[in-house]
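Take a look at the letters that make up each chain.
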Amino acid sequence: MLVPAYALPVLSLEKLGRLHTDTILSGVIKLWNQGMWGVAFIVFTASLVVPVIKLTSIGFLLAAVRWPGIASKPALTRLHGFVNFIGRWSMLDIFLVAFLVGIVRFGKLATVEARPGAVAFAAVVILTMLATSAFDPRLLWDRDSAPARGAATE
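Quick caveat: nothing in here was measured; it's all calculated off a predicted structure.

Turning to the overall build of the protein chain, a few remarks are in order. Helix and strand counts for the protein chain come out as seven helices and three strands. Secondary structure elements of the protein chain, listed N to C terminal, follow the sequence α-β-β-α-α-α-α-β-α-α. The buried share among the 154 residues of the protein chain stands at 31%. Sequence separation of at least 24 residues holds for 67% of the intrachain contacts in the protein chain that already meet a minimum separation of 6. Accessible surface, the protein chain: about 10100 Å² in total, of which carbon and sulfur atoms supply 71%.

Structure, rendered in structure tokens:
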């Protein structure tokens with residue numbers, strides 16, 4: 001869902017009869033070009049960097065369960081906590097889109113509408129939150145404590 005979230009338009013703004021649609025990246029570029037560097041940096045970080053970091057981290061955690069020893073268990077547990085913490089903050093982008101759609105209704109002067117990219121981005125956020133919640137960090141620790149196959153039992 002990350003590819004459609006980045007490729008499809010997220011918002012459309014109709015202002016004085018002219019329609020402008022933006023993807024996440026084109027919105028960041030517009031903010032940057034208009035001199036709103038701080039806002040552009042926040043949107044870039046929250047919408048582009050954080051989701052990629054979350055998906056990479058979840059993949060790394062799954063790989064660590066499959067192939068133990070690729071990283072220390074305390075570090076992997078902290079990584080899971082970090083991904084779990086930032087997951088809920090990713091919803092800020094979706095709340096911003098919902099807020100803009102609800103507030104900017106000036107008839108023929110200006111309107112804002114959500115586009116399919118916003119739905120795809122919301123799906124990314126929700127699915128990564130569910131994946132993080134479904135991952136049990138005890139799997140990182142339990143693998144070494146289980147008896148080896150074929151080992152004699154007492």
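Alright, that's what it looks like, and here's the rest.
Core analysis: the largest hydrophobic core is formed by 16 residues, its most contacted members being Ala 5, Val 10, Ile 24, Ile 94, Val 97 and Phe 121. Elements represented by at least two residues in this core include exactly helix 1 (2-7), helix 5 (91-103) and helix 6 (116-134). Beyond its immediate sequence surroundings of up to four residues, Val 97 is in contact with Val 10, Leu 11, Ala 114 and Ala 118. Leu 61, Ala 64, Val 65 and Leu 76 belong to the second largest nonpolar core, which has six residues in total.

Between the first and last C-alpha of helix 3 (residues 37-66) there are 42 Å, a value that for 30 residues agrees with the 44 Å anticipated at 1.5 Å per step. Taking the largest bend as the criterion, helix 3 deviates by roughly 35°, centred on Val 49, and proline Pro 51 comes between one and four positions later. Among all positions in helix 3, only Ala 40, Ser 47, Leu 48, Val 50, Pro 51, Lys 54, Ser 57, Ile 58, Leu 61, Ala 63, Ala 64 and Val 65 are buried.

Now for the sheet that holds strand 3 (residues 110-114). Two orientations exist for strands paired in a sheet by backbone hydrogen bonds: parallel and antiparallel. Read across the sheet, three strands follow the order 2-1-3 without closing on themselves; strand pairing throughout is antiparallel. What marks the edges here is a single partner per strand, and that holds for strand 2 (18-22) and strand 3. Neighbouring strand axes in the sheet, compared pairwise and without regard to direction, differ in orientation by 15° on average. As defined by bridge partners, strand 1 (residues 11-15) adjoins strand 3 across five bridges and the pair is classed as antiparallel. Paired with Lys 15 across the strands is Ala 110, a residue of strand 3.

Our next topic: the pairing of strand 2. By the bridge criterion, five bridges tie strand 1 to strand 2 in an arrangement that is antiparallel. Across the sheet, residue Ser 12 finds its bridge partner in strand 2, namely Thr 21.

Moving on, we get to the side chain of Lys 54. Inspection of the secondary structure puts Lys 54 in helix 3. Of the residues examined, Lys 54 reaches a relative accessible area of 2% and is grouped as buried. Side chain to side chain, Lys 54 and Thr 128 meet in a polar contact 3.0 Å long. Setting aside its immediate chain neighbours within four residues, Lys 54 contacts Val 83, Ile 86, Gly 87, Ser 90, Val 125 and Thr 128.

Looking now at helix 6. In this model, helix 6 (19 residues) spans 27 Å end to end at C-alpha, consistent with the 27 Å of a helix rising 1.5 Å per residue. For helix 6, every residue scored as buried is listed here: Gly 117, Ala 118, Ala 120, Phe 121, Ala 122, Val 124, Val 125, Thr 128 and Thr 132.

Moving on to the packing of aromatic side chains. All chains considered together, the criterion is met by one aromatic pair. When the ring of Trp 32 is compared with that of Trp 37, the centres are 6.2 Å apart and the planes differ by 65°; the resulting orientation is edge-to-face. By relative accessible area, which is 51% here, Trp 37 ends up exposed.

Once that is clear, we can look at the side chain of His 80. For His 80, the position within the fold is in helix 4 (residues 73-89). Using a relative accessible area of 10% as the deciding quantity, one classes His 80 as buried. If near-sequence neighbours (up to four positions away) are discounted, His 80 is found in contact with Leu 61, Thr 132, Phe 135 and Pro 137.

What counts and how
Residues numbered from 1 in each chain as written. Predicted model: local features only at pLDDT ≥ 70, side-chain atom pairs only at ≥ 80, totals over all residues. Heavy atoms only, no water. Helix = DSSP H or I, 4+ residues; strand = E, 2+ residues; numbered from the N terminus. Buried < 20%, exposed > 50% of the residue type's maximum accessible area, 1.4 Å probe, protein only. Contact = heavy atoms within 4.5 Å. Areas by Shrake-Rupley, 256 points an atom, 1.4 Å probe, with all protein chains shown as cover. Core = buried A, V, L, I, M, F, W, Y, C linked by side-chain atoms within 4.5 Å. Expected span 1.5 Å × (residues − 1). Bend = angle between axes of the 7 residues up to and from the residue. Pairing = 2+ DSSP bridges. Axes fitted to C-alpha atoms, helices over the stretch in contact; angles between N-to-C directions. Polar contact = N/O pair within 3.5 Å; in protein donor to acceptor, adjacent residues only side chain to side chain. Phe/Tyr/Trp six-rings, centres within 6.5 Å; stacked < 30°, edge-to-face > 60°.

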